[in-house]
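Given next are the chains, with one letter for each unit.
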Amino acid sequence: MRLRIALSALSAAVVLAAPLPAHAGTPKLGWELKETGVTARLRGLSPVSRDVVWASGSGGTVLRTVDGGRSWQNVSPPGTAELQFRDVEAFDARRAVVLSIGEGTDSRVYRTEDGGRTWAETFRNDEPRAFYDCMAFFDRRHGLAMSDPVDGKFRILSTEDGGRSWRVLPPAGMPPALPGEAGFAASGQCLVTAGDRDVWLASGGAERSRVFHSRDRGRTWTVADTPIPAGDPARGVFGLAFRDPHRGIAVGGDYRPDQQSPSAGAVSRDGGATWRAAGTPPPAYRSGVTWLPYPPFAAIAVGPSGSDVTHSGGRSWETFDGGSFDTVSCTRDATCWAAGEQGRVARLTLT
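Keep in mind the model is a prediction, meaning the values are calculated, not measured. (Residues numbered from 1 in each chain as written. Predicted model: local features only at pLDDT ≥ 70, side-chain atom pairs only at ≥ 80, totals over all residues. Heavy atoms only, no water.)

Turning to the overall build of the chain, a few remarks are in order. Scanning the chain from terminus to terminus reveals one helix and 29 strands. A globule of 351 residues ought to have a C-alpha radius of gyration of about 20 Å, and the chain, at 19 Å, matches this closely. When its C-alpha atoms are laid out on the principal axes, the chain stretches across 60 × 45 × 40 Å. Sorting the 351 residues of the chain into buried and exposed places 62% on the buried side. Pairs at least 24 apart in sequence give 53% of the contacts found in the chain among residues at least 6 apart. If you sum the accessible surface of the chain, you get close to 13,900 Å²; carbon and sulfur atoms cover 48% of it. Charged side chains in the chain number 40 positive and 38 negative. The centres of these two groups are separated by 5 Å. (Helix = DSSP H or I, 4+ residues; strand = E, 2+ residues; numbered from the N terminus. Rg over C-alpha atoms; globule rule 2.2 N^0.38 Å. Buried < 20%, exposed > 50% of the residue type's maximum accessible area, 1.4 Å probe, protein only. Contact = heavy atoms within 4.5 Å. Areas by Shrake-Rupley, 256 points an atom, 1.4 Å probe, with all protein chains shown as cover. Lys, Arg positive; Asp, Glu negative; His and termini not counted. Charge placed at Lys NZ, Arg CZ, Asp CG, Glu CD.)

Moving on: the sheet that holds strand β14 (residues 167–168). Read from one edge of the open sheet, five strands run β8-β11-β12-β13-β14, paired in antiparallel fashion. At either margin of the open sheet sits one strand with a lone partner, and together these are β8 (102–103) and β14. Sheet topology note: the β8/strand β11 (residues 131–137) ladder contains two bridges and is antiparallel. Note on β11: the bridge partner recorded for Glu103 is Phe131. (Pairing = 2+ DSSP bridges.)

The next subject is unusual backbone geometry. With an omega dihedral of -10 degrees, the bond running from Tyr294 to Pro295 counts as a cis peptide bond. Topologically, Pro295 is positioned in the loop between β23 (288–291) and β24 (299–303).

The next subject is the pattern of salt bridges. Counted according to the given criterion, the structure contains 22 salt bridges. In this structure, Glu32 engages Arg347 in a salt bridge whose closest nitrogen and oxygen atoms are separated by 4.0 Å. You can see Glu32 sitting in strand β1 (residues 29–34) and its partner Arg347 sitting in strand β29 (residues 345–350), a full 315 residues away along the chain. When its relative accessible area of 34% is taken as the criterion, Glu32 is described as partly exposed. For Asp308, the salt bridge is made with Arg286, and the minimal N-O distance between the two is 2.5 Å. With a gap of 22 residues between them, Asp308 in strand β25 (residues 306–310) and Arg286 in the loop between β22 (276–277) and β23 connect regions that are remote in the sequence. For Arg286, a relative accessible area of 1% corresponds to the buried category. When salt bridges with common partners are traced through the structure, they connect Asp232, Arg235, Asp254 and Arg256 into a single cluster. (Salt bridge = Lys/Arg side-chain N within 4 Å of Asp/Glu carboxyl O.)

Time to look at the side chain of Thr65. Along the chain, the position of Thr65 falls in strand β4 (residues 61–65). Overall, Thr65 belongs to the buried group, its relative accessible area being 0%. A polar atom in the side chain of Thr65 sits 2.8 Å from the backbone oxygen of Ser71. Ignoring anything within four residues of it in the chain, the contact list for Thr65 reads Asp51, Val52, Val53, Arg70, Ser71 and Trp72. (Polar contact = N/O pair within 3.5 Å; in protein donor to acceptor, adjacent residues only side chain to side chain.)

Per the stated rule, a full pass over the model turns up 15 aromatic pairs. Arranged with centres 6.5 Å apart and planes meeting at 70 degrees, the rings of Phe184 and Tyr255 form a pair that is edge-to-face. In this pair, Phe184 sits in the loop between β14 and β15 (191–194) while Tyr255 sits in the loop between β20 (248–254) and β21 (265–268), placing the two residues 71 residues apart along the sequence. Cation over ring: Arg217 sits above Phe138, and NZ or CZ is 5.5 Å from the ring centre. (Phe/Tyr/Trp six-rings, centres within 6.5 Å; stacked < 30°, edge-to-face > 60°. Lys NZ or Arg CZ within 6 Å of the ring centre and 35° of its normal.)

A separate point is the sheet that holds β21. Ordered by their spatial adjacency, four strands build an open sheet running β19-β20-β21-β22, and the pairing between neighbours is antiparallel. Unpaired on one side and paired on the other, β19 (235–242) and β22 mark the two borders of the sheet. Looking at chain direction, β21 and β22 are connected through two bridges and run antiparallel. Bridge pairing links Ala266 to Ala277 in β22.

By definition, a disulfide links the sulfur atoms of two cysteines through a covalent bond. For the coordinates displayed, the defined rule picks out two disulfides. Sulfur-sulfur distance for the disulfide between Cys134 and Cys190 comes to 1.9 Å. As the torsion about the S-S bond is roughly 120 degrees, the Cys134-Cys190 disulfide counts as right-handed. A residue pair is termed long-range when its members are at least 10 positions apart, and Cys134 in strand β11 and Cys190 in the loop between β14 and β15 qualify at 56 residues. (Disulfide = S-S within 2.5 Å.)

Take the confidence of the model for the chain next. In this model, the chain carries an average pLDDT of 92, and 92% of its residues clear a pLDDT of 70 or more. Below a pLDDT of 50 lies the segment residues 1–24, which in the model reaches 49 contacts outside its immediate sequence neighbourhood of four places, other chains included. (pLDDT = per-residue confidence, 0-100.)

What follows is about the nonpolar core. Of all hydrophobic cores here, the largest spans 30 residues; its most connected members are Met146, Ile156, Leu191, Leu201, Trp221, Leu240 and Trp275. Of all the secondary-structure elements, those providing two or more residues to this core are β11, β12 (143–150), β13 (153–159), β15, β16 (198–202), β17 (210–214) and β19. It is β16 that contributes the most residues to this core, four residues altogether. In contact with Ile156, other than residues within four places in its own chain, are Leu144, Ala145, Met146, Arg167, Val168, Leu169, Met174, Leu201 and Trp221. With 16 residues, the next largest nonpolar core counts Val302, Phe325, Val328 and Ala338 among its residues. (Core = buried A, V, L, I, M, F, W, Y, C linked by side-chain atoms within 4.5 Å.)

The following block contains the structure:
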């Protein structure tokens with residue numbers, strides 16, 4: 001599928017170095033790498049604006065830029081070098097919350113209110129069977145984090161004060177998990193929100209891949225099967241993106257590079273109640289996905305083997321880059337970023 005993006009629309013979705021001449025051909029997307037000065041694998045990403053971006057990853061790493069990626073500050077919390085910060089949610093240049101994954105006390109949440117100069121540990125998991133994977137916020141105060149099943153159900157952690165304190169929600173409203181079912185802490189996108197109350201949770205590792213949906217900030221949930229390949233601990237839905245409470249995209253597959261598994265992409269138009277397989281899915285495993293701010297049916301998916309774009313709301317995908325990224329996200333002021341292995345961070349460009 002050719003890239004049919006009107007310049008007037010896409011220029012609002014990506015950063016342009018200069019206006020295209022009138023005779024320019026089909027616009028092409030690309031990634032402009034930014035030097036971060038680290039080699040950590042960055043699976044957490046939270047761009048706030050075209051200037052302010054936070055990223056997090058292995059080795060207890062947390063990075064911040066306030067000048068559009070020209071320079072990066074290592075603002076990692078002290079004493080966390082053994083932790084894996086797989087998700088970060090930032091509110092502005094000063095305030096951010098990071099989630100570390102792992103069994104037992106390795107699952108923690110830290111918050112900063114001064115741009116990373118100091119951090120407060122606001123949650124440390126005391127349930128040895130819990131393993132927290134992702135977190136997501138509805139607004140600056142209300143957010144959730146999700147753990148793999150405990151006693152047969154996914155566990156949901158809730159905050160109402162911007163991550164300063166957390167409590168485990170009652171499990172009664174959560175459907176039972178399948179044997180072996182879990183989330184994937186690959187991109188910070190196994191738990192996503194849209195609007196001020198809707199939240200979705202992605203799963204895999206079981207006989208079927210599924211997406212859970214709550215309309216009341218995590219208190220009660222429904223669940224639906226997806227066509228994303230499953231039946232193996234390494235397969236399932238790895239990343240979700242909802243443009244609004246109705247239109248959603250799911251990506252995933254098998255994260256093992258030596259597996260010739262089917263490529264994976266699915267779409268929903270009813271808030272995740274039903275899912276349909278993409279007619280032309282991404283060609284390989286993808287861990288991250290995000291909607292472009294404009295045009296309305298455009299989105300980007302990323303993974304270790306490349307990046308893809310859709311202009312049909314996820315029904316058909318086309319690869320535009322072969323570099324390795326794990327996660328991708330766009331800002332409200334129409335700047336898109338990706339992050340991944342070896343400290344790779346890049347900004348989306350149009351040429």
